[in-house]
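Single-letter residue listing:
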Number of protein chains: 2
Amino acid sequence: MRSAGRPVTIDPDAVASLALRLFAENGYEQTSMEDIAGAAGIGRKSLYRYFSSKAELVWGGMEPVIEASGLALDEAPDGREGADGLMTGLRAAAVAGVAVIPDLSVSRGRLRLIAEYPELASRSYDSLAPQRERMRLYLAGRGLPADSAGYLSAAYLAATFEAWMQWAAGTDPDPVPYLLAALDVLRVPGS
Amino acid sequence: MRSAGRPVTIDPDAVASLALRLFAENGYEQTSMEDIAGAAGIGRKSLYRYFSSKAELVWGGMEPVIEASGLALDEAPDGREGADGLMTGLRAAAVAGVAVIPDLSVSRGRLRLIAEYPELASRSYDSLAPQRERMRLYLAGRGLPADSAGYLSAAYLAATFEAWMQWAAGTDPDPVPYLLAALDVLRVPGS
DNA sequence: CACTTTATGACACGCAGTGTCATTATGAAA
DNA sequence: TTTCATAATGACACTGCGTGTCATAAAGTG
């Protein structure tokens with residue numbers, strides 16, 4: 001319900017896109033927030049209003065993917081289906097993220113940047129934390145012991161993240177085979 | 001072969017121990033590097049000579065554990081033993097780290113601090129990177145396809161890290177059962 | 001007693017991230 | 001049109017991490 005006030009004039013997507021280009025050209029660490037703000041024609045403080053951190057400029061674009069993956073979990077059948085059913089749910093969640101990516105080459109650029117700078121890669125732990133919790137609840141809600149659910153969701157996220165990294169490093173158009181191969185290293189305990 | 005020069009007067013272990021105490025008392029972010037240096041009776045620059053970052057004060061103490069785990073991999077039998085043999089190697093590596101910990105309660109303190117501050121937890125990705133690479137080579141050197149080795153080592157580290165977190169959150173003296181339970185979510189693909 | 005080596009810390013700098021506050025642009029109401 | 005409320009904007013200042021430089025002090029060696 002916006003009724004009054006100055007409307008938004010900054011396009012966050014355009015700014016993130018610009019930042020990504022600057023990072024690719026001059027390097028992530030060599031590009032300061034002030035550089036980005038200057039190139040975008042806005043002030044540094046305004047930049048921080050849309051992106052809470054420098055890393056957010058890179059990771060922000062991955063959020064729809066993560067969100068879609070979480071939604072797929074919620075929509076999975078909620079009966080007790082056993083270990084095979086759980087693995088099917090994990091596969092569905094992993095693959096669901098791919099569908100919402102408008103331009104795979106942009107995501108590849110993001111992920112390559114993340115792979116190149118440890119500072120960005122380590123942020124995967126934070127960026128994927130909500131998804132880890134969601135996965136944990138999904139598994140625990142289907143009969144998996146609480147501790148196993150925690151271990152499996154942690155392993156799931158690490159494996160799928162590695163799959164995305166592997167895909168980004170190459171030139172294959174489709175990330176799905178990478179994701180499915182990554183899930184092959186997982187196992188639902190007690191089955 | 002040190003022949004001349006002023007000998008070391010700073011005890012890094014004592015400084016890290018002091019820092020850990022300050023972090024626990026006043027909070028990690030509320031304790032600046034200058035606070036720590038002041039409490040230790042040294043200068044800020046000298047503090048940085050022994051610890052390359054604030055996080056290093058916390059994570060540094062975990063390095064012997066990680067190193068011991070890596071050594072266990074090198075010492076594992078190097079024949080082609082199949083999937084069961086590989087899992088045995090992983091278990092040996094995970095458990096080997098426990099043996100070198102002089103005082104479990106200190107490690108518990110470290111890990112609780114890491115669990116409390118996302119900034120520290122996300123650093124696990126960097127701190128465990130050498131171990132991830134070692135594990136990858138171990139697996140790839142025993143017949144596992146290169147991509148599977150990458151996925152499995154990523155999942156292994158995430159699961160065992162989560163196991164350490166779970167152990168640290170509780171009061172059980174022995175972390176080994178947590179580690180073994182975590183490895184139950186892993187699987188050697190193609191078997 | 002020189003001499004060499006090395007720890008030490010004072011000083012300064014760049015940059016991330018945060019807070020405050022005055023200014024400006026806009027739509028809505030009078 | 002004028003006034004008013006809303007919200008974006010950016011100027012300024014500040015804390016703290018991490019880095020670099022450089023002069024000084026404390027030891028062992030010849």
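Coordinates for the structure precede this section.
None of the values given here were measured: they were computed from a predicted structure. Throughout, a residue's number is its position along its own chain's written sequence, starting from 1. Labels are handed out in written order, letters beginning with A for the chains and numbers beginning with 1 for the ligands. In keeping with the model being predicted, local features are shown solely for residues with a pLDDT of at least 70 and side-chain atom pairs are shown and tallied solely at 80 or more, while totals for entire chains, interfaces and linings include all residues.

Asks: Where do I start with the overall build of chain A in this structure?
Replies: Starting at the N terminus, helices and strands are each numbered in turn, a helix being any DSSP run of H or I of at least four residues and a strand any DSSP run of E of at least two. Counting its secondary structure elements, chain A contains twelve helices and zero strands. Helices and strands appear in chain A in the N-to-C order α-α-α-α-α-α-α-α-α-α-α-α. Seen through its principal axes, chain A has C-alpha atoms that stretch 60 × 45 × 25 Å. Here exposure depends only on C-beta density: within 10 Å of a residue's C-beta, 20 or more other C-beta atoms make it buried, 12 or fewer make it exposed, and intermediate numbers make it partly exposed, the C-beta atoms being placed from the backbone. Residue burial in chain A is summarised as follows: out of 191 residues, 36% are buried. A pair of residues counts as a contact when their C-beta atoms, built from backbone coordinates, are separated by no more than 7 Å. Of the contacts made within chain A by residues no fewer than 6 positions apart, 64% connect residues no fewer than 24 positions apart.

Asks: What am I meant to see in the relation of the copies chain B and chain A here?
Replies: The second copy of the chain is related to the first by a rotation about an axis and a shift along the axis. With an RMSD of 0.0 Å, chain B superimposes on chain A once it is rotated by 180° and translated 0.0 Å along the axis. Here the transformation between the copies is reduced to the relation of a two-fold axis. When C-alpha distances to the rotation axis are compared across chain B, the minimum falls at B:A155, with a value of 2.1 Å. Mapped onto chain A, 100% of the interface residues of chain B are again interface residues, and the two copies thus contact each other with one and the same surface. Copy-to-copy alignment: least squares on C-alpha atoms, limited to residues at pLDDT 70 or above in both.

Asks: What's the story with the nonpolar core in this structure? I'm lost.
Replies: Note that soluble globular proteins tend to have their nonpolar side chains buried in a common cluster. Each nonpolar core reported here comprises buried Ala, Val, Leu, Ile, Met, Phe, Trp, Tyr and Cys residues connected via C-beta atoms within 7 Å. Residues A:A155, A:A159, B:A155 and B:A159 are the most contacted members of the largest nonpolar core, which totals 94 residues. Those residues in contact with B:A159, other than ones at most four positions away along the chain, are A:Y151, A:A154, A:A155, B:A182, B:L183, B:V185 and B:L186.

Asks: Explain the interface of chain B and chain A to me, please; I cannot follow it from the model alone.
Replies: Frequently, the measure chosen for interface size is the accessible area removed from exposure when the parts meet. Between chain B and chain A, the contact holds 27 residues from the first and 27 residues from the second. Residues were grouped as follows: Ala, Val, Leu, Ile, Met, Phe, Trp, Tyr, Cys and Pro as nonpolar; Asp, Glu, Lys and Arg as charged; and all remaining residues, including Gly, as polar. For the side of chain B that touches chain A, the per-class residue count stands at 16 nonpolar, five polar and six charged.

Asks: I'm lost on the packing of helix α1 (residues 12-26) of chain A against helix α7 (residues 104-116) of chain A in this one. Help?
Replies: A pair of packed helices is captured by two measures, namely the crossing angle of their axes and the spacing between those axes. Residue and element names in this part refer to chain A. Here an angle of 0 to 180 degrees is reported between the N-to-C directions of two axes, which are lines fitted to C-alpha atoms, with helices fitted over the stretch in contact. Between α1 and α7, the shortest axis-to-axis distance is 11 Å and the interhelical angle comes to 50°. It follows that α1 is oblique to α7 by the angle criterion. The interaxial crossing formed by α1 with α7 has left-handed handedness. In contact with L20, F23 and A24 of α1, α7 contributes G109, R110 and L113. Considering only residue class, the contact of α1 with α7 consists of four nonpolar, one polar and one charged. Oblique is the label for any angle not covered by the other classes, which are roughly parallel (under 35 degrees), roughly antiparallel (over 145) and roughly perpendicular (65 to 115). For any helix crossing, the convention is left-handed if the near helix is rotated counterclockwise from the far helix by under a right angle, and right-handed if that rotation is clockwise.

Asks: I'm lost on helix α11 (residues 146-169) of chain A in this one. Help?
Replies: Multiplying 1.5 Å by the helix residue count minus one yields the expected span of that helix. Here α11(A) contains 24 residues, and its C-alpha end-to-end distance of 35 Å stays within 8% of the 34 Å for a straight helix at 1.5 Å per residue. By the criterion of burial, α11(A) is predominantly enclosed, with 19 of the 24 residues buried.

Asks: Would you mind going over the environment of A:E29 with me for this structure?
Replies: By the secondary structure assignment, A:E29 is in the loop between α1 and α2 (33-40). Expressed as a C-alpha distance, the spacing of A:E29 and A:K54, which sit 25 residues apart in the sequence, is 9.7 Å.

Asks: Can you help me understand the packing of helix α11 (residues 146-169) of chain B against helix α12 (residues 176-183) of chain B in this one?
Replies: Residue and element names in this part refer to chain B. Relative orientation of the contacting elements α11 and α12 amounts to 145°, with a least axis distance of 8 Å. For the pair α11 and α12, the sense of crossing is right-handed. Between α11 and α12, the residues in contact are A159, T160, E162, A163, Q166 and W167 and Y178, L179, A181, A182 and L183, respectively. Across the contact of α11 with α12, the residue classes break down as eight nonpolar, two polar and one charged.

Asks: Which parts of the structure should I look at to understand the environment of A:D174?
Replies: As for its position among the elements, A:D174 is in the loop between α11 and α12 (176-183). As a C-alpha pair, A:D174 and A:D35 span 139 residues in sequence and 34 Å in three-dimensional space.

Asks: What is the right way to read the environment of A:K45 from this model?
Replies: Residue and element names in this part refer to chain A. When you line up the elements, K45 lands in helix α3 (residues 44-50). Residue K45 is classed as exposed on the basis of its C-beta count, with 9 C-beta atoms lying within 10 Å. Put simply, K45 and M33 are twelve residues apart on the chain and 9.5 Å apart in space, counted from C-alpha to C-alpha.

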